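Coordinates in review
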Amino acid sequence: MAIYFTIKEMTKSQTAKVQNIDNTPTEEVVENLKKVMYILDMVRVHMGKPILVNSGYRCRKLNEIIGGVHKSMHIRGLAADFRTGKIEDIDRMFEFLKKTPCITFTTLSLMSNQ
Ligand SMILES: [Zn+2]
C-alpha cells in the first residue's frame, strides 16, 4: 500500500469532471497505478515534502481530449505527471529518479509549466 498517495488522487481530473467523463480505472489499471504510487512514495520520502500529482490515469476518452507525449502509458495507468511545490527542488527530484536502480522508466521527461 502506498503511504502518501491514493487511487483517487491518481484518477482525479478536472477535465473529466467538467466534461462529465467517467475516469474510473479497471482492476488491471488499479494494479498498475499501485506500482506507480510505490515509486511516487519513494520520491516523496526522498524529497521530504509533498509531491503533487497533476495527472495519473486517463481513460481513452479523457486522454484524447488532453493529448500528451506519452499517451498509452496514461491510458494503462503506468504514468504520472507530478510536480514539486518549489522549482528549486526539481533537479534534486530528477537526479533521484535517474539514479535509483529500483526505479525504471521507459520515459522520464522534465517539462516546464505542466
Ligand atoms: Zn504524462
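A brief report on the enclosed structure follows. (Residues numbered from 1 in each chain as written. Predicted model: local features only at pLDDT ≥ 70, side-chain atom pairs only at ≥ 80, totals over all residues.)

1. What to know about unusual backbone geometry
Most peptide bonds take the trans form, and the phi angle of most residues other than glycine is negative. Threshold: Helix numbers and strand numbers start at the N terminus; a helix is a DSSP run of H or I with at least 4 residues, a strand a run of E with at least 2. Between the buried cut of 20 or more and the exposed cut of 12 or fewer other C-beta atoms within 10 Å of a residue's own C-beta lies the partly exposed class, and all C-beta atoms are placed from the backbone.
Backbone geometry places N20, a non-glycine residue, at a positive phi of 60 degrees. With respect to the helices, strands and loops of the structure, N20 is situated in the loop between α2 (14-19) and α3 (27-47). C-beta crowding within 10 Å serves as the criterion here: with 6 such atoms nearby, N20 is assigned to the exposed category.

2. Describing the environment of M42
Condition: Throughout, a residue-residue contact means that the two C-beta atoms, derived from backbone geometry, are no farther apart than 7 Å.
Within the secondary structure, M42 sits in helix α3. Among the residues examined, M42 registers 17 C-beta atoms within 10 Å and is labelled partly exposed. Considered as a pair, M42 and F96 are 54 residues apart in the sequence and their alpha carbons are 9.5 Å apart. Those residues in contact with M42, other than ones at most four positions away along the chain, are T100 and I103.

3. A few points about the environment of I75
Structurally, I75 can be placed in helix α5 (residues 71-75). In this structure I75 comes out as partly exposed when scored by C-beta crowding, with 18 C-beta atoms within 10 Å. Remark: the alpha-carbon pair of I75 and L62, spanning 13 residues in sequence, is separated by 8.9 Å. Residue contacts for I75: discarding those within four places in its chain leaves R58, R60 and N63.

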